[in-house]
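# Descriptive structure summary
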Amino acid sequence: MEESRWLVRERKKVSDGTLRRDADQTDTLLQATNVTMRFGGVTAVSGLDLALPKGRIAGIIGPNGAGKTTAFNILSGFYTPQEGSVVFNGVDIRGRSPADICRMGMARTFQNIRLSPQMTVLENIMVGCHVRRRCPWWMAPLGLPAFYREEEEIREKGRKLAQRVHLADNIAEQAGSLPYGAQRRLEIARALATAPELLLLDEPAAGMNPQESLDLMHFIGHIRDEFGLTILLIEHDMKVVMGVCQYIWVMEYGALIAQGDPDTVRSNPDVIRAYLGEEASLEKGL
Ligand SMILES: Nc1ncnc2c1ncn2[C@@H]1O[C@H](COP(=O)(O)OP(=O)(O)O)[C@@H](O)[C@H]1O
Ligand SMILES: [Mg+2]
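For the structure given in this document, a descriptive report is provided here. The residue numbers shown here count from 1 along each chain, following its written sequence. Chains and ligands are labelled by the order in which they are written, letters from A for the one and numbers from 1 for the other. In keeping with the model being predicted, local features are shown solely for residues with a pLDDT of at least 70 and side-chain atom pairs are shown and tallied solely at 80 or more, while totals for entire chains, interfaces and linings include all residues.

With that settled, consider the nonpolar core. By size, the foremost hydrophobic cluster in this structure holds 78 residues, and its most contacted members are Ile125, Ala189 and Val250. For the domain bounds, the source is a domain assignment made automatically or taken from a database. Counting the residues that make up this core, at least three belong to each of domain 1 (1-105 + 196-286) and domain 2 (115-194). Residue pairs qualify as contacts under a 7 Å threshold applied to their C-beta atoms, which are placed from the backbone. Apart from residues no more than four positions distant in its own chain, Ile125 is found in contact with Gly158, Leu161, Ala162, Ala189, Arg190 and Ala193. By convention the nonpolar core is taken to be a set of buried residues drawn from Ala, Val, Leu, Ile, Met, Phe, Trp, Tyr and Cys and joined through C-beta atoms within 7 Å. Buried means a residue has 20 or more other C-beta atoms within 10 Å of its own C-beta, exposed means 12 or fewer, and partly exposed covers the counts in between; C-beta atoms are placed from the backbone.

In structure tokens:
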């Protein structure tokens, strides 16, 4: 697909060298080591270790309050943990801003959708494209043709990505007026527009009906292949997690209680116990 070629090209342009890895490194794209994060007296994440190989689709699951979103916020640089380290593509992300980390090739969506609701669908996606723009913003008032050429290129990329997430008919609509499922797809398109290598999705199926969740599951598999991504997702919907993830980490009270492929996790007694407290856990596919 043309979009995926564009993304590969854009990635190659990242010139600060942070994406280059030493030949002797393993294929681990993201590694958290002994990460601990406390909020006052609450330990939201406790001694978290995880290593995500390139090209995988992996998930973090766990009951509400287990520390999943906090883990995501740490992995994407929104929070700096009191202890431990996070290494992305061979680079320790401590002290780097989320914008910097995004330029390094990590994009994310949020549990509580964070779009610009007054802006159109296309404009929201274009915001993501601007992460990779060549002409700096201050060129805008100078009226230079290069600036407007790039703006037009970005608009075209935005249109293609809108098409890819089945929002081609909605590009002129305000993001805030879209149904919930469409807003989630738009957030994914905006993340893809930053030309990521790693995509983090926080509860992408939240608020979706069963058919939408199923479609999303297939969609996640397709975009991984099409855009050459590694994907880490948090999900409450067990059917989505078990259907799409090759590897799963299970958190409870901030700590990992199990990990492995879906079958291993599904049959783990600690996982069953953690979920039995949750209403209708069996209906969720566990
Ligand atoms: N910004 C914060 N300030 C204080 N406590 C927080 C904050 N974020 C999360 N927590 C607490 O940390 C724990 C884990 O929350 P969270 O990471 O949101 O869990 P999950 O995403 O698994 O539902 C909860 O007890 C929550 O109340
Ligand atoms: Mg959460």
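Turning next to the packing of helix 4 (residues 121-129) against helix 6 (residues 180-192). All axes are obtained by fitting lines to C-alpha atoms, using only the stretch in contact for helices, and the reported angles, taken between N-to-C directions, cover 0 to 180 degrees. Secondary structure elements follow DSSP: runs of H or I no shorter than four residues count as helices, runs of E no shorter than two count as strands, and numbering proceeds from the N terminus. Two elements in contact, helix 4 and helix 6, have axes whose closest approach is 7 Å; the angle formed by their N-to-C orientations is 35°. Crossing hand, helix 4 versus helix 6: right-handed. Here Val121, Asn124, Ile125, Val127 and Gly128 of helix 4 lie close against helix 6, whose contacting residues are Leu186, Ala189, Arg190 and Ala191. Polar here means any residue outside two lists: the nonpolar Ala, Val, Leu, Ile, Met, Phe, Trp, Tyr, Cys and Pro, and the charged Asp, Glu, Lys and Arg; Gly therefore counts as polar. Grouping the amino acids of the contact of helix 4 with helix 6 by side-chain chemistry returns six nonpolar, two polar and one charged. The handedness criterion is simple: a crossing whose near helix is rotated anticlockwise from the far helix by less than a right angle is left-handed, and one whose near helix is rotated clockwise is right-handed.

As a further point, take the pairing of strand 10 (residues 255-260). Two strands pair under a simple rule: DSSP has to find at least two bridges between them. Across five bridges, strand 9 (residues 247-252) lies against strand 10 in antiparallel orientation. Opposite Trp249, over in strand 10, you have Gln259 as the bridge partner. Taking the residues between adjacent antiparallel strands as the criterion, strand 9 and strand 10 are bridged by two residues, where Tyr253 takes a positive phi near 50°.

By definition, a residue lies near a molecule or strand when the C-beta atom built from its backbone is within 6 Å of it. Within the structure, ligand 1 sits among Phe39, Val42, Ala44, Gly62, Asn64, Gly65, Ala66, Gly67, Lys68, Thr69 and Thr70. Looking at the shell around ligand 1, the elements that each hand over two or more residues are strand 2 (42-53) and helix 2 (68-75). With three residues, helix 2 is the largest single contributor of residues to the shell around ligand 1. A class-by-class count of the residues in the shell around ligand 1 yields four nonpolar, six polar and one charged.

These values are about where atoms sit, not about what they do.
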